[in-house]
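What follows is the residue order along each chain.
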Amino acid sequence: MKIAILKERREHERRVAASPDSVKKFTELGCSVTVETGAGVASSISDAAFEEAGAAIAKTPAATVKGADLVLKVQKPMLAGEGLDEVGLFSKGQAVAAHMTAMSDGAVVHALNDRGVTVFAMELVPRITRAQSMDILSSQTNLAGYKAVLDACEHFGRALPMMSTAAGRINPANVFVMGVGVAGLQAIATAKRLGAVVWATDVCPATKEQVESLGGKFVAVENEEFEQAQTAGGYAKEMSDDYKAQQAALVAETLPKMDIVITTALIPGRPAPVLVTEEQVKSMRPGSVIVDLAVEAGGNCPLSEFGKVVEKHDVTLIGHPNWPSRLAETASTMFARNLLNFVTPMIDKESKAFTIDREDEVVDGALVALSGEVTDPRVSAVENTEGSSKAASKKAGAKKSAAKKSAAKKSGVKKTAAKKSAAKAAAAKPAAQEPADKPEPATTQEKEG
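Just so we're clear, the structure is a prediction, and the values are computed from it rather than from any experiment. (Residues numbered from 1 in each chain as written. Predicted model: local features only at pLDDT ≥ 70, side-chain atom pairs only at ≥ 80, totals over all residues. Heavy atoms only, no water.)

Caption draft 1: Quick peek at the packing of aromatic side chains. Counted according to the given criterion, the structure contains two aromatic pairs. Judged by centre distance (5.4 Å) and plane angle (75°), the ring pair of Phe120 and Phe342 falls under edge-to-face. Taken together, the residues span a long stretch of sequence, with Phe120 in strand β6 (residues 118-121) and Phe342 in helix α11 (residues 328-343) at a distance of 222 residues. A single burial state applies to Phe120 and to Phe342, both of which are buried. Aromatic ring contacts, followed pair by pair, group Phe120, Phe342 and Phe354 into a single cluster. (Phe/Tyr/Trp six-rings, centres within 6.5 Å; stacked < 30°, edge-to-face > 60°. Helix = DSSP H or I, 4+ residues; strand = E, 2+ residues; numbered from the N terminus. Buried < 20%, exposed > 50% of the residue type's maximum accessible area, 1.4 Å probe, protein only.)

This is the structure:
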């Protein structure tokens with residue numbers, strides 16, 4: 001079995017889908033690994049480190065992918081209009097595993113499927129105990145929550161912990177974490193370790209105990225809807241307008257007391273919900289900081305700007321892109337380990353071949369395309385914008401061509417009839433009255449008409 005590791009080319013991406021450790025483990029399992037040159041440079045992993053672990057280094061993306069059974073990436077392959085046509089490098093029968101954003105953008109999945117490529121969307125790995133070591137969302141957002149606190153400290157003008165000094169006591173900062181998933185829990189733990197007083201809110205009832213176990217204080221409207229606000233898969237449901245209004249009122253009371261706010265709320269396949277309004281930002285203390293971890297999905301605060309650190313109403317809003325990539329080396333190591341744990345059970349111990357067991361709920365959960373079929377109905381429902389536009393264009397072109405032929409045919413019939421009528425009239429007149437210039441021969445189209 002040959003595994004290929006492509007260099008990531010999307011903007012703001014510094015991670016790589018392999019580490020020297022994962023390469024070594026794959027080779028021990030009987031696989032050959034090819035890494036594109038420079039794939040790990042942005043993550044402080046050299047080509048030499050990959051070679052030492054047992055990988056071959058390829059000079060081009062095409063050479064990397066050629067002959068591979070499985071291609072591993074951090075982010076989904078790029079389409080032709082996005083830069084290098086990575087999708088075009090794939091051949092029928094190959095497979096790819098990456099963060100495909102399959103629930104919100106089906107274009108790449110459909111394009112790969114059209115080429116007969118098997119696609120694993122790693123973000124869809126089921127959140128069950130057995131798959132925890134394969135969960136890229138958990139490993140990467142864990143780092144995002146940690147980094148969010150450090151970035152907040154960089155822009156916050158005060159110290160976080162309480163300090164008793166000869167010059168007097170410094171009160172601890174108040175940190176408010178909105179959204180207690182993996183990122184939120186790590187943010188709570190990090191802020192607490194740095195000495196802040198931490199508050200947190202979430203719509204999932206199970207998070208209350210988790211927040212309190214980390215030493216945080218829980219803030220939420222705890223009614224009947226709150227008790228049923230979590231899906232079987234562990235994700236947050238979108239709440240009713242009435243609950244949102246009550247929660248917003250509670251948040252409005254809490255925000256003026258906070259120094260740092262970290263928002264992490266996301267709903268799979270949907271725009272990020274607004275948690276902090278402009279009016280609420282205005283109510284915050286001058287010098288406060290908001291870190292918006294959901295900025296790539298539209299943001300939990302309408303004032304945050306993707307890829308920028310801005311100051312509005314005397315509050316600093318941080319909207320860095322791709323938070324895990326800001327800790328590229330650690331993030332790459334964890335991502336690579338997730339992929340290793342996911343792929344290993346699919347490597348046959350005797351033949352060393354790549355086998356796909358659809359009876360395995362983890363494998364089947366991440367599988368979105370196989371043998372020319374989009375296998376996940378949730379992904380099938382996502383509009384294939386590129387494919388739809390091409391099909392529409394082709395259909396419109398066919399209609400236009402048919403209309404053109406029909407018009408030309410009708411025109412030919414009319415012209416032929418007119419000519420026959422003119423010839424008949426001319427035959428009834430004296431020859432001297434015939435026009436000096438005879439009409440040109442009919443065109444082929446007119447003759448056929």
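Caption draft 2: Broad picture of the sheet that holds strand β9 (residues 174-178). In spatial order, the strands read β11-β10-β9-β12-β13-β15-β14; together these seven strands make up an open sheet with mixed pairing. Taken across any chain shown, the strands that pair with only one partner, and hence form the sheet edges, are β11 (217-218) and β14 (309-312). Where β9 lies against strand β10 (residues 197-201), five bridges are found, and the strand directions are parallel. Bridge pairing in β10 places Val177 opposite Ala200. (Pairing = 2+ DSSP bridges.)

Caption draft 3: Quick peek at the environment of Ala4. Mapping Ala4 onto the fold places it in strand β1 (residues 2-5). Put simply, Ala4 and Val96 are 92 residues apart on the chain and 9.3 Å apart in space, counted from C-alpha to C-alpha. When near neighbours in sequence (up to four residues on either side) are disregarded, Ala4 contacts Thr34, Thr64, Val65, Ala68, Leu70, Val71 and Leu72. (Contact = heavy atoms within 4.5 Å.)

Caption draft 4: View of the environment of Gln228. By the element assignment, Gln228 lies in the loop between α8 (224-227) and α9 (241-254). Judged by relative accessible area, Gln228 falls into the exposed class, the value being 52%.

Caption draft 5: Spotlight on the pattern of salt bridges. Using the criterion set out here, one finds 20 salt bridges in the structure. A salt bridge links Asp105 to Lys76; the shortest N-O distance between them is 2.9 Å. Taken together, the residues span a long stretch of sequence, with Asp105 in the loop between β5 (95-99) and α4 (107-114) and Lys76 in the loop between β4 (70-75) and β5 at a distance of 29 residues. Here Asp105 falls in the partly exposed class, since its relative accessible area comes to 27%. (Salt bridge = Lys/Arg side-chain N within 4 Å of Asp/Glu carboxyl O.)

Caption draft 6: Expanded view of the pairing of β5. Counted residue by residue, β5 has four buried out of five residues, so it is predominantly covered. The sheet contact formed by β4 and β5 spans four bridges and is parallel. Residue pairing in the sheet places Val71 in a bridge with Val96 of β5. In this sheet, β6 lies alongside β5 in parallel orientation, the contact comprising four bridges. From the neighbouring strand, Ala98 faces β6, where its bridge partner is Ala121. Each parallel crossover has a hand, and for β5 linked through α4 to β6 it is right-handed. (Right-handed = clockwise from strand over helix to strand, strands pointing away.)

Caption draft 7: Region of the structure containing the pairing of strand β2 (residues 32-36). For β2, the buried fraction is high: four of the five residues fall into the buried class. Following the chain from β1 across helix α1 (residues 20-28) to the adjacent parallel β2, one finds a crossover that is right-handed. Here β2 pairs with strand β3 (residues 56-58) via three bridges, running parallel. Bridging across to β3, Val35 finds its partner in Ile57.

Caption draft 8: Representation of the side chain of Glu36 in the model. Inspection of the secondary structure puts Glu36 in strand β2. Engagement of the side chain of Glu36 in a polar contact is seen with the side chain of Arg9, the distance being 2.4 Å. (Polar contact = N/O pair within 3.5 Å; in protein donor to acceptor, adjacent residues only side chain to side chain.)

Caption draft 9: Spatial organisation of the sheet that holds β6. If you walk across this open sheet you meet the eight strands as β3-β2-β1-β4-β5-β6-β16-β17, and the pairing is mixed. Unpaired on one side and paired on the other, β3 and β17 (373-374) mark the two borders of the sheet.

Caption draft 10: Spotlight on the packing of helix α5 (residues 136-155) against α11. The contact between α5 and α11 brings their axes to 9 Å, and the two run at 165°. The angle between α5 and α11 places the two elements in the roughly antiparallel class. Our pair here, α5 against α11, has a crossing hand that is right-handed. Listed contacts from α11 to Ile136, Ser139, Gln140 and Leu143 of α5 are Thr330, Ala331, Met334, Phe335 and Asn338. When grouped by side-chain class, the residues that make up the contact of α5 with α11 number five nonpolar, four polar and no charged. (Axes fitted to C-alpha atoms, helices over the stretch in contact; angles between N-to-C directions. Parallel < 35°, antiparallel > 145°, perpendicular 65-115°, else oblique. Left-handed = near helix turned anticlockwise from the far one by under 90°. Nonpolar A, V, L, I, M, F, W, Y, C, P; charged D, E, K, R; others polar.)

Caption draft 11: Representation of the packing of α1 against α11 in the model. For the pair α1 and α11, interaxial distance at closest approach is 9 Å and the crossing angle is 20°. Here α11 runs roughly parallel to α1, going by the angle between their axes. The handedness of the crossing between α1 and α11 is left-handed. Between α1 and α11, the residues in contact are Ser22, Lys25 and Phe26 and Ala336, Leu339, Leu340 and Val343, respectively. Class assignment for the residues of the contact of α1 with α11 results in five nonpolar, one polar and one charged.

Caption draft 12: Up close: the nonpolar core. If you look at the biggest cluster of nonpolar residues, it comprises 40 residues, and the most contacted ones within it are Ile5, Phe26, Leu72, Phe120 and Phe342. When residues in this core are grouped by element, the largest group, five residues, is from α11. Each residue touching Phe120, except ones within four places of it in the same chain, is listed here: Ala95, Val96, Ala97, Ala98, Met100, Phe342, Met346, Phe354, Ile356, Val363, Ala366 and Leu367. Grouped together as the second largest cluster of nonpolar side chains are 33 residues, Val177, Ala200, Phe218 and Ala220 included. (Core = buried A, V, L, I, M, F, W, Y, C linked by side-chain atoms within 4.5 Å.)

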